[in-house]
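Chain by chain, the residues:
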Amino acid sequence: MTQIYDRVALIGLGLIASSMFWAMKRGGLAGEVTGFARSAETRNVAREIGLCDRVCESAAEAVEGADLVVLCVPVGVMGAVAAEIAPALKPGATVSDVGSVKRAVIDAVAPHLPDHVDFVPAHPLAGTEHSGPRSGFAELFDYRFTLIVPQEGADRAAVERLTALWQGMGALTEEMEADHHDLVLAVTSHAPHLIAYTMVGVADDLRRVTDSEVIKYSAAGFRDFTRIAASDPTMWRDVFLNNKDATLEILGRFTEELFALQRAIRMEDGDHLHAYFTRTRAIRRGIIEAGQDTDAPDFGRVKKGG
Ligand SMILES: NC(=O)c1ccc[n+]([C@@H]2O[C@H](COP(=O)([O-])OP(=O)(O)OC[C@H]3O[C@@H](n4cnc5c(N)ncnc54)[C@H](O)[C@@H]3O)[C@@H](O)[C@H]2O)c1
Ligand SMILES: O=C(O)C(=O)C[C@]1(C(=O)O)C=C[C@@H](O)C=C1
């Protein structure tokens, strides 16, 4: 593969930044990759495991001379980090981020950036419940979508170059507008996480009644909930505080449906339950039939590899 950027700086060295580093190295996509994380412990771990070609002692030092700077920190601190790096950014550089929320990040970051850089937000739709510098791996983005969220009047060359980087890291890419992104992600990621947190919380509340049975006999569905509920608390606190309106909108609709199903159970309305579950099963089948199941063993390989 060809090198896309000479110098890349990763700010925040957790799951996403470390996966980006290994994926960039795998594809030979970047020359030197510098990195910075707020905690000395994380910086030391990064040095120990060879995460980044150079781990710097400040964010400003890491971005100096970089052609691409990617903010890989929790959504709630993106603005503060942008303010910190702004004076050190090289003219012509691209600044991007990987935040799970887009509108709030754009509003927090854009005002701090000088006119001589291009800001191209992005969001890889890939992750795990693990966090920190040791959790990343090169394959994380393979055949997963990364949404690119160009701003009005964005420099197309900068957008295309960042898109090429994500594709080089294995991702499928698509462009999306920020508010639309936040609504879509509220449905597909944010509300489901909140539901998982709630379900695991309920099980924990019942622990004394059920002893350790909830763990011992946990079926696949609940196990998936516990995996998701093990995700980083700081990241998810920030997601909900920064995608408040869309998440509340979706949760409002969710509770209405939940109450309707609750009532159907109470009234022993089997027709309602059956019709509902038939509709939801069709959605899953539709995803598979349209070839959009990114977990399918052959997903993307036929189209990409020929
Ligand atoms: N985990 C996922 O599944 C996932 C998926 C897609 C996008 N994201 C987004 O990616 C971003 C990073 O998530 P992650 O999972 O890699 O998190 P993580 O917890 O693994 O890593 C975050 C890193 O940021 C550092 N950090 C925190 N505050 C900082 C600051 N002020 N200055 C410098 N460094 C700071 C932490 O020390 C840590 O190294 C978040 O915005 C998240 O919303 C996460
Ligand atoms: O697989 C997981 O652990 C995830 O939750 C990853 C996941 C998601 O799919 O909801 C979580 C947050 C992101 O912003 C993107 C991806």
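Naming follows an unreviewed UniProt entry, where the protein chain appears as prephenate dehydrogenase of Roseovarius faecimaris. What UniProt states about the protein chain under its Sequence similarities (unreviewed entry) heading is, verbatim, "Belongs to the prephenate/arogenate dehydrogenase family." According to its UniProt record, the protein chain has this under Pathway (unreviewed entry): "Amino-acid biosynthesis; L-tyrosine biosynthesis; (4-hydroxyphenyl)pyruvate from prephenate (NAD(+) route): step 1/1."

**A short note on helix α4 (residues 78-85)**
For α4, the complete set of buried residues consists of Met 78, Val 81, Ala 82 and Ile 85. The arc enclosing the buried residues of α4, seen along the axis, measures out at 105°, which places them on a common side. Tucked into the core, α4 has its buried residues touching β1 (5-11), α3 (59-63), β4 (68-71), β5 (94-97) and α5 (103-109).

**Some points on unusual backbone geometry**
The backbone of Tyr 143 shows a phi angle near 60°, a positive value even though the residue is not glycine. Unusually for a residue other than glycine, Glu 268 sits at a positive phi of about 55°. Within the fold, Glu 268 resides in the loop between α12 (244-266) and α13 (270-289).

**Topic: the domain arrangement of the protein chain**
As assigned here, the protein chain comprises domain 1 (5-176) and domain 2 (180-268). Across the boundary between the two partners, domain 1 contributes 14 residues, which contact 17 residues of domain 2. A class-by-class count of the residues in the side of domain 1 that touches domain 2 yields seven nonpolar, four polar and three charged.

Reading the values: the criteria
- Residues numbered from 1 in each chain as written.
- Chains lettered and ligands numbered in written order.
- Predicted model: local features only at pLDDT ≥ 70, side-chain atom pairs only at ≥ 80, totals over all residues.
- UniProt positions renumbered as here; feature names shortened; annotations may be inferred.
- Buried ≥ 20, exposed ≤ 12 C-beta atoms within 10 Å, placed from the backbone.
- Helix = DSSP H or I, 4+ residues; strand = E, 2+ residues; numbered from the N terminus.
- Arc of directions from axis to C-beta.
- Contact = placed C-beta atoms within 7 Å.
- Domains from an automatic or database assignment.
- Nonpolar A, V, L, I, M, F, W, Y, C, P; charged D, E, K, R; others polar.

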